[in-house]
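# Summary of structural features
Each chain, written out:
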Amino acid sequence: MNNIFLRQLLYTVLIVGSSIQASAQDKLNVVTTLPDLESIVLSIGGEYVDVTSIATGYQNPHFVDPKPSFIVKMTKADMFVTIGLDLETGWVPPLLNSARNPQIMNGSAGYVDASHNIPLLDVPSSVGREQGDIHVFGNPHYWLDPANGKIIARNIYDALVRLSPQNAESFSANLKLFEAELDARIQEWREQMAPYRGQNLIAYHNQWPYLEAALGVVARDFLEPKPGIPPTPSQLAKIITMMKQESITTIIIAPYFRTDSADLVARNVGGRVVVLAASVRAFPEIETYFDLFDYNIARLKEALDSTGN
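Summary of the structure given here. (Residues numbered from 1 in each chain as written. Predicted model: local features only at pLDDT ≥ 70, side-chain atom pairs only at ≥ 80, totals over all residues. Heavy atoms only, no water.)

### Quick look at the sheet that holds strand S8 (residues 272-275)
Strands sit in the order S6-S5-S7-S8 across an open sheet of four strands; the sheet is parallel. Single-partner strands in this sheet number two, and they are strand S6 (218-222) and S8. Recorded for the sheet is a direction-independent mean angle of 35° between the axes of neighbouring strands. Sheet topology places strand S5 (residues 200-203) next to strand S7 (residues 250-253); two bridges connect them, and they run parallel. Its bridge partner lying in S7, Ala203 is registered against Ile252. Relative to the sheet, helix H8 (residues 233-246) contacts S5, S6 and S7, its axis offset from that of S6 by approximately 145°. Each of S5, S7 and S8 is contacted by helix H10 (residues 289-306), which is oriented at about 175° to S8, the strand it contacts most. (Pairing = 2+ DSSP bridges. Helix = DSSP H or I, 4+ residues; strand = E, 2+ residues; numbered from the N terminus. Axes fitted to C-alpha atoms, helices over the stretch in contact; angles between N-to-C directions. Contact = heavy atoms within 4.5 Å.)

### Things to note about the sheet that holds strand S1 (residues 28-32)
Taking strand neighbours across the sheet as the criterion, the four strands line up as S2-S1-S3-S4 in an open arrangement whose pairing is parallel. Since the sheet does not close on itself, it has two edges, and those belong to strand S2 (49-53) and strand S4 (111-113), each with one partner. For this sheet, the mean inter-axis angle between neighbouring strands, taken without regard to orientation, is 20°. Where S1 lies against strand S3 (residues 79-82), three bridges are found, and the strand directions are parallel. Each residue of the ladder has a partner; that of Val30, found in S3, is Met79. The sheet contacts of helix H3 (residues 68-75) involve S1, S2 and S3, and relative to S1 the element is tilted by about 140°.

Here it is in C-alpha cells:
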C-alpha cells in the first residue's frame with residue numbers, strides 16, 4: 001500500500017513538474033537593448049514573455065560596456081530587440097558575435113530592428129569628419145516621439161507572433177490596448193503642451209528632435225559645437241548671445257551629460273537647466289513608456305513657466 005502511495009505521489013510530482021516546466025517553456029526569453037523597448041515588449045507580450053534590458057535608463061545608449069553577463073543573457077534569448085540604425089553600433093555587434101545564438105542574429109526570426117518603418121529625422125545628405133559624430137542613417141532617438149511607439153510596438157508584435165503563434169490572439173489584444181492607450185495619452189500630452197507650441201530652447205546634444213516635433217518646441221541650437229564634440233568657450237559665448245537676443249531661457253540635457261557648461265550658460269542668461277529623461281527608468285518614477293512622456297512634459301512645463309516663457 002505504501003509503495004502504491006509512493007508511486008502515485010512520484011507520478012503526481014512528475015506531472016506537476018512537467019507542467020511547470022512546460023509553462024516556463026511557453027514564455028519567450030526576450031532581451032532588449034534599452035528599457036524603453038523592454039517596457040513595450042512587456043505591454044505586448046504580457047504573461048508570455050520574460051524581458052530584460054541590457055542598458056539602464058540613465059546610461060548613454062551609445063556607450064555601453066559589453067559585459068560577460070550580457071553575453072550570457074543573449075545566449076539564452078529567443079528574441080532580441082534593438083533600436084537599430086547606428087545607436088548601439090559600438091556594443092551590440094560584439095555581444096551578438098560572442099553570444100553565437102543563431103536565433104537572434106540579424107535576419108533570423110528572433111532579431112527585431114525596432115526602427116523598421118520609422119519616419120527618420122535628420123538624415124544627412126552627405127557624411128564627413130568635419131561634421132562631427134553624426135548619425136549616417138538619421139537621428140536614432142526616434143522612441144522619444146510617442147507616435148513612433150506604435151510602430152515599435154507593431155514591429156515587436158510581428159516578432160512575437162512569429163515566434164509564438166499559439167499566443168497570437170493575446171498579443172493582438174494587448175497591441176490594441178497599447179495603441180488605444182497611447183492614442184489617448186498623445187492627445188492629452190498635446191493639449192498640455194499647446195500653450196508652449198513654438199517655444200524655443202537650447203539643447204546640449206541633438207537627441208531630442210522627435211520629442212520636439214511631438215511637443216511643438218524647437219531647439220534653436222546646441223551647446224555642442226558639433227555632434228559629440230564637447231562645448232567650447234566660443235560656442236558657449238555664441239549660445240549666451242543668442243539666448244539673450246531671443247529671450248530663450250531653457251536648456252535641456254540628458255542625465256548622462258555633465259551640466260557644468262549648461263549651468264554656466266543658464267547663470268549668464270537667468271535661465272534654467274532641465275534634465276530630461278532620455279529613456280524609461282532614467283529616474284525612479286519612470287517605470288513605463290507612458291511615464292517617460294509624463295515626466296518630460298511636467299519638467300518642461302515647470303521650467304518654461306518658472307522662467308516666464
